[in-house]
Amino acid sequence: AQKVTQAQTEISVVEKEDVTLDCVYETRDTTYYLFWYKQPPSGELVFLIRRNSFDEQNEISGRYSWNFQKSTSSFNFTITASQVVDSAVYFCALSEAKDNDMRFGAGTRLTVKP
Amino acid sequence: SAVISQKPSRDICQRGTSLTIQCQVDSQVTMMFWYRQQPGQSLTLIATANQGSEATYESGFVIDKFPISRPNLTFSTLTVSNMSPEDSSIYLCSAWRLGGNEQFFGPGTRLTVL
C-alpha cells in the first residue's frame with residue numbers, strides 16, 4: 001500500500017529565510033511518481049512538480065528546489081529566500097504507475113511572515 | 001495542460017437532500033478522479049471514474065452514497081446522496097491524460113450541509 005508522510009504540520013518563517021518541507025513515502029512498486037502541490041488560501045491546487053521513480057536528479061526552479069532520495073524514500077522541497085506569497089498549505093503526493101490514483105500527505109501549512 | 005471546470009463552485013444544502021457535482025475537462029482524458037477535502041484536512045480519494053466502466057471506490061466510500069457517472073472522455077459527475085453535515089467538504093475532480101506529466105485538478109466544489 002502506498003503512503004505519504006509529511007511530519008511537519010505547520011512551519012512559520014520570516015521572509016527571506018530558507019525553508020525545507022519534508023516528505024517521506026512508502027510504496028512497493030518500482031515505478032511511481034511523486035508530486036508537490038501548493039494550496040493557497042484561495043483553495044485551488046497548484047501543481048509544482050512531478051518526479052518519476054527512475055529520475056533521482058534534483059531539480060531547481062527559481063526559488064524552489066526538490067531533493068529526491070530513493071535510499072531514504074524522501075522527496076523534500078526547499079524554498080529559498082521565502083516570500084509572503086509562499087504562505088500556503090503544501091501537499092506531497094504519490095501515484096503508483098499501475099493505477100495512477102494519487103495519495104496525498106497530510107500537508108504542511110507554511111506561514112511566511114514579513 | 002488541461003483545464004478542468006466544476007459546477008457548482010459552492011452550495012449550501014439541507015440535510016437529507018442530494019447534490020450532483022459536474023466536472024468538465026477541456027480535452028479528452030483517460031482517467032478521472034474524485035477527491036474529498038474535509039475542513040483543514042488533506043485530500044482523500046473517493047473513486048476513480050473511467051469511461052465505459054463502473055467507478056472504482058476506495059475503502060470507506062460506497063456507490064449508494066457517492067454515485068458517479070462518466071458518460072464520455074471529457075465529463076463526469078459525482079452525486080453526494082442523502083447528505084448530512086459530515087459531508088460538508090470541498091469535492092475536487094481531477095484528470096490524468098495518458099502520457100501526461102501531471103494530474104490536473106478542478107477548482108473544487110465547496111459543499112456545506114446544514
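Residues numbered from 1 in each chain as written. Chains lettered and ligands numbered in written order. Predicted model: local features only at pLDDT ≥ 70, side-chain atom pairs only at ≥ 80, totals over all residues. Heavy atoms only, no water.

(A) Molecular detail of the overall build of chain A. A tally of regular secondary structure across chain A gives zero helices and twelve strands. Taken from N to C terminus, the helices and strands of chain A fall in the order β-β-β-β-β-β-β-β-β-β-β-β. Relative to the compact-globule value of 13 Å for 114 residues, chain A shows a C-alpha radius of gyration of 14 Å, a close match. If one aligns the C-alpha atoms of chain A with their principal axes, the spans along those axes are about 45 × 25 × 20 Å. Relative to its 114 residues, chain A shows a buried fraction of 46%. Sequence-distant contacts, at least 24 apart, represent 56% of the contacts inside chain A between residues at least 6 apart. On chain A, roughly 5500 Å² of surface is accessible, and the fraction owed to carbon and sulfur atoms is 48%. (Helix = DSSP H or I, 4+ residues; strand = E, 2+ residues; numbered from the N terminus. Rg over C-alpha atoms; globule rule 2.2 N^0.38 Å. Buried < 20%, exposed > 50% of the residue type's maximum accessible area, 1.4 Å probe, protein only. Contact = heavy atoms within 4.5 Å. Areas by Shrake-Rupley, 256 points an atom, 1.4 Å probe, with all protein chains shown as cover.)

(B) Region of interest: the state of the cysteines. All names here are of chain A. In total, this model carries two disulfides over all chains according to the counting rule given. For Cys23, the disulfide goes to Cys92, at an S-S distance of 1.9 Å. The disulfide joining Cys23 to Cys92 has a torsion of about -65° about its S-S bond and is therefore left-handed. Of this pair, Cys23 sits in the loop between strand 3 (19–21) and strand 4 (24–26) while Cys92 sits in strand 10 (residues 88–96), placing them 69 residues apart in sequence. Assigned by exposure class, Cys23 and Cys92 land together as buried. (Disulfide = S-S within 2.5 Å.)

(C) Local environment of the pattern of salt bridges. Residues and elements named next belong to chain A. Enumeration over the complete set of coordinates arrives at five salt bridges over all chains. Note that Arg63 and Asp86 form a salt bridge whose closest N and O atoms lie 2.8 Å from each other. Remark: Asp86 occurs in the loop between strand 9 (74–79) and strand 10 and Arg63 occurs in the loop between strand 7 (59–61) and strand 8 (64–69); sequence separation between them is 23 residues. Take Asp86: its relative accessible area is 0%, and that puts it in the buried class. Look at the salt bridges and you will find they share partners, linking Arg51, Asp55 and Glu59 into a network. (Salt bridge = Lys/Arg side-chain N within 4 Å of Asp/Glu carboxyl O.)

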